[in-house]
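Listed below are the residues making up each chain.
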Amino acid sequence: MTPETSYVHAYLNVHPETREVVKGALLGTFTSGQDLVEKHLAPMIDWVYEQIADQVGASELNAAQARMYIEELSVFARYNAQFLKQAATAVEGFCPELAHELRRNHLEEGGERGKIPAHFVLYSRALLADLGLLVNGHVPAAETLTLVALHQFMVGSHMPSSIAGSYYATEAVAIAETEILRDITDRYGLLTIQASGSELPQLDYYYRLHLDDDHEGTQVAGLSVEAAHIEGLAQFIKKSELFHIDLPQALDGFLQILEAMADWWAQLIRRSQEMNQ
């Protein structure tokens, strides 16, 4: 990835006001975490993932391309719960409230006893039951390994504020990524067994769990699982002074992970295009 190929740099090029805010926040002259998140980072994510969804073109994929995306997109779900646990341990001495939120997410992702099973378990079972796809044990492509490695480095950081920003980025893209993945699995279902949406009952349950505000698996009233994760972590940047979060470090962490995830998608898109040549 270079500035010329980065989705983030592309956004900053067409939104100079956000470029100035990012510069100011990194230099310590812009100090409103709430404005940073609501007026700049959240819109940046929406724009970046609109570009990604358009370039993935789920409705035009062939079965091999769709399967490639499904296999690679399954990998991070294997490790997210343990990354959340490591991140919580890393920050608990600095900000117990942040550690509490990360542990709540860890239990939700990893399968709290007596509640919804681990999300990777739900997803991998759903793929097998509805589509006959076995992703358990899939050996990831190099770009996916890079993404996993960068998250591993992040959760072991000695800078809690960087972890706060990084995990906000990780969760802030989750709704958009889940919607893209749903489109891809629907496409694969239509191509292979002529079924999509609610005709794939276990996948439909998994997507509704993550995206619906009133699903039985939600734990925060009025918010879907993913929306609750986003808001739960965003508050530490929005209220950075209250929680003693260093805003420049948090923004640096955010950019590290958003750039990594966007570049991962760019590499998968390139891989998909090469499959058609």
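Quick note: structure is the one above.
A quick note: this is a predicted structure, and the numbers were derived from the prediction, not measured.

A. Inspection of the layout of surface pockets at higher detail. Counted as a void, the largest pocket has a volume near 200 Å³. The set of elements that each furnish at least two residues to the lining of the largest pocket consists of helix 3 (33-56), helix 8 (160-172), helix 9 (174-192) and helix 11 (225-238). A per-element tally of the lining of the largest pocket places helix 11 first, with five residues. Of the residues contributing to the lining of the largest pocket, the split by class is 10 nonpolar, no polar and three charged.

B. Quick look at empty space enclosed by the protein. On inspection of all chains with the given rule, the structure shows one cavity of 30 Å³ or more. The computed volume of the largest cavity comes to approximately 360 Å³. Looking at the largest cavity, it is lined by 20 residues, and the ones nearest its centre are F76, A77, E177, T178 and Y206. Looking at the lining of the largest cavity, the elements that each hand over two or more residues are helix 4 (63-91), helix 6 (119-131), helix 8, helix 9, helix 10 (201-211) and helix 12 (247-274). The residue inventory of the lining of the largest cavity, partitioned by class, reads 11 nonpolar, five polar and four charged.

C. Fine view of the packing of aromatic side chains. One pass over the full model with this rule turns up nine aromatic pairs. Connected via pairs of aromatic rings, a cluster forms that spans Y69, W264 and W265.

D. Up close: the environment of L191. Position of L191 relative to the elements: it lies in helix 9. You can call L191 partly exposed: its relative accessible area is 35%. The spacing of L191 and I70 is 121 residues in sequence and 14 Å in space, taken between C-alpha atoms. The residues touching L191, leaving out its near neighbours within four places in the chain, are L61, N62 and A63.

E. Representation of the packing of helix 1 (residues 7-14) against helix 2 (residues 16-27) within the structure. It is at 5 Å that the axes of helix 1 and helix 2 come closest, and there the two elements cross at 115°. Taken together, the axes of helix 1 and helix 2 are roughly perpendicular relative to one another. On helix 2, the residues that touch H9, Y11, L12, N13 and V14 of helix 1 are P16, T18, R19 and V22. Considered class by class, the residues forming the contact of helix 1 with helix 2 number five nonpolar, three polar and one charged.

F. Focus on the nonpolar core. In terms of nonpolar packing, the biggest core is built from 86 residues, with Y49, I52, Y69, Y168, I184 and F254 touching the most fellow members. Broken down by element, this core gets its largest block of residues, 15 residues, from helix 12. Not counting residues up to four positions away in its chain, the partners in contact with F254 are L41, M44, I45, G165, S166, Y168 and A169.

G. Spatial organisation of the packing of helix 3 against helix 9. Put simply, helix 3 and helix 9 touch, their axes get as near as 10 Å, and they point 10° apart. Taken together, the axis directions place helix 3 and helix 9 in an arrangement best described as roughly parallel. Together, Y49, I52, A53 and V56 of helix 3 and A176, E177, I180 and I184 of helix 9 make up the contact between the two elements. Among the residues making up the contact of helix 3 with helix 9, the classes are represented as seven nonpolar, no polar and one charged.

H. Quick look at the pattern of salt bridges. This model, assessed by the stated rule, comprises 10 salt bridges. Notably, a salt bridge pairs K238 with E38, separated by 3.4 Å at the nearest N-O pair. With K238 in helix 11 and E38 in helix 3, this residue pair connects regions lying 200 residues apart in the sequence. Across the pair E108 and R104 runs a salt bridge, and its minimum N-O distance is 3.7 Å.

I. Molecular detail of the side chain of E177. Summarising the element assignment, E177 is placed in helix 9. When near neighbours in sequence (up to four residues on either side) are disregarded, E177 contacts Y49, M261, W264 and W265.

J. Structural context of unusual backbone geometry. Non-glycine residue Q194 carries a positive phi angle of around 55°. Assignment of secondary structure puts Q194 in the loop between helix 9 and helix 10. Relative accessible area serves as the criterion here: at 58%, Q194 is assigned to the exposed category. One non-glycine residue with positive phi stands out, namely H244, at about 60°. According to the relative accessible area criterion, H244 is exposed, its value standing at 61%.

Criteria and cut-off values
Residues numbered from 1 in each chain as written. Predicted model: local features only at pLDDT ≥ 70, side-chain atom pairs only at ≥ 80, totals over all residues. Heavy atoms only, no water. 1 Å grid on protein atoms, 1.4 Å probe; cavity = no way out; pocket = protein on both sides within 12 Å on 5 of 7 lines; lining within 4 Å. Points joined across faces, edges and corners; volume = space filled by probe spheres on them. Helix = DSSP H or I, 4+ residues; strand = E, 2+ residues; numbered from the N terminus. Nonpolar A, V, L, I, M, F, W, Y, C, P; charged D, E, K, R; others polar. Phe/Tyr/Trp six-rings, centres within 6.5 Å; stacked < 30°, edge-to-face > 60°. Buried < 20%, exposed > 50% of the residue type's maximum accessible area, 1.4 Å probe, protein only. Contact = heavy atoms within 4.5 Å. Axes fitted to C-alpha atoms, helices over the stretch in contact; angles between N-to-C directions. Parallel < 35°, antiparallel > 145°, perpendicular 65-115°, else oblique. Core = buried A, V, L, I, M, F, W, Y, C linked by side-chain atoms within 4.5 Å. Salt bridge = Lys/Arg side-chain N within 4 Å of Asp/Glu carboxyl O.

Treat this as a map of the structure, not an account of what it does.
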